[in-house]
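Inside the fold
Below are the chains, spelled out letter by letter.
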Amino acid sequence: MVLFVVMLSMHLLLAQATELAGWARTVLALGAGLVAATATQHLVSRSRRRR
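1. Concerning the overall build of the chain
- Per the secondary structure count, the chain includes one helix and zero strands.
- Taken over the C-alpha trace, the chain has a radius of gyration of 22 Å; the compact-globule value for 51 residues is 10 Å, which it surpasses by more than 25%.
- Accessible surface, the chain: about 5000 Å² in total, of which carbon and sulfur atoms supply 73%.

2. Quick word on a nonpolar patch on the surface
- A contiguous nonpolar patch, built from Met1, Val2, Phe4, Val5, Val6, Leu8, Met10, Leu12 and Leu13 and spanning about 980 Å² of accessible area, is present on the exposed surface.
- Secondary-structure assignment places leucine 12 in helix α1 (residues 2-50).
- Classification of leucine 12 by relative accessible area gives exposed; the value is 53%.

Calculation rules
Residues numbered from 1 in each chain as written. Predicted model: local features only at pLDDT ≥ 70, side-chain atom pairs only at ≥ 80, totals over all residues. Heavy atoms only, no water. Helix = DSSP H or I, 4+ residues; strand = E, 2+ residues; numbered from the N terminus. Rg over C-alpha atoms; globule rule 2.2 N^0.38 Å. Areas by Shrake-Rupley, 256 points an atom, 1.4 Å probe, with all protein chains shown as cover. Patch = residues over 30% accessible without salt bridge, like charges linked within 9 Å, V, L, I, M, F, W, Y side chains within 5 Å. Salt bridge = Lys/Arg side-chain N within 4 Å of Asp/Glu carboxyl O. Buried < 20%, exposed > 50% of the residue type's maximum accessible area, 1.4 Å probe, protein only.

So this is what it looks like as structure tokens:
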């Protein structure tokens, strides 16, 4: 019985950890996309000003 509870808690912890990793990956991807968009906009505006 104790072993079952330990296994269950370990499984829940692992599931939570993978979910957190997924969230972190999503947030990182969103952040990278935002940075890339801002950099692109910045470069485009700079090149437009030069002409």
